[in-house]
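A look at the structure
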Amino acid sequence: MNLNKKAVVDFIKLCQRVLHVSKKPGRDEFQNVAKITGIGVLIIGAVGFIISIGAQLFGKI
């Protein structure tokens, strides 16, 4: 891996630019993201549960 001073400085400048552009989410935005994430987790869990039950039922045939 080639880490020279210029590469490190460029990386730090890039990180600073990203931090200047980013902002802390407001309460409403955070709640919306949390709801969508929670719904996604529940859907993926339900699909996995259905597949697991199906595998147990069809595995005994």
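Higher on the page you've got the structure.
This report concerns the structure included in the present document.

Reading the values: the criteria
- Residues numbered from 1 in each chain as written.
- Predicted model: local features only at pLDDT ≥ 70, side-chain atom pairs only at ≥ 80, totals over all residues.
- Heavy atoms only, no water.
- Helix = DSSP H or I, 4+ residues; strand = E, 2+ residues; numbered from the N terminus.
- Rg over C-alpha atoms; globule rule 2.2 N^0.38 Å.
- Buried < 20%, exposed > 50% of the residue type's maximum accessible area, 1.4 Å probe, protein only.
- Areas by Shrake-Rupley, 256 points an atom, 1.4 Å probe, with all protein chains shown as cover.
- Patch = residues over 30% accessible without salt bridge, like charges linked within 9 Å, V, L, I, M, F, W, Y side chains within 5 Å.
- Salt bridge = Lys/Arg side-chain N within 4 Å of Asp/Glu carboxyl O.
- Expected span 1.5 Å × (residues − 1).

Across its full length, the protein holds 2 helices and 0 strands. In terms of overall dimensions, the protein is more spread out than a globule: its C-alpha atoms have a radius of gyration of 23 Å, far above the 10 Å expected for 61 residues. Its C-alpha atoms give the protein principal-axis dimensions of roughly 65 × 40 × 5 Å. Sorting the 61 residues of the protein into buried and exposed places 2% on the buried side. Accessible surface, the protein as shown: approximately 6100 Å² in total, 71% of it carbon and sulfur.

Moving on to a nonpolar patch on the surface. Among the surface-exposed residues, Phe49, Ile50, Ile53, Leu57 and Phe58 lie close enough to one another that they form a single nonpolar patch of about 580 Å² accessible area. Here Ile50 is to be found in helix α2 (residues 27–59).

The next subject is the environment of Gly40. For Gly40, the location among the structural elements is in helix α2. Exposure remark for Gly40: the relative accessible area of 28% places this residue in the partly exposed category. On a C-alpha basis, the gap between Gly40 and Pro25 in space is 20 Å, while along the polypeptide they are 15 residues apart.

Now for the pattern of salt bridges. Evaluation of the coordinates by the stated rule reveals 2 salt bridges. In this structure, the salt-bridge partner of Asp10 is Lys6, at a minimum N-O distance of 3.0 Å. Taken as a pair, Asp10 and Lys6 lie in helix α1 (residues 5–21) at a separation of 4 residues, close to a single helical turn. By relative accessible area, which is 38% here, Asp10 ends up partly exposed. Looking at Lys6, the relative accessible area reads 57%, which means it is exposed. With its nearest N and O atoms 3.4 Å apart, the salt bridge here joins Lys23 to Glu29.

Its 33 residues place the ends of α2 47 Å apart at the C-alpha level, agreeing with the 48 Å of an ideal helix rising 1.5 Å per residue. Counting buried residues along α2, only 1 of its 33 residues qualify, which leaves the element largely exposed.

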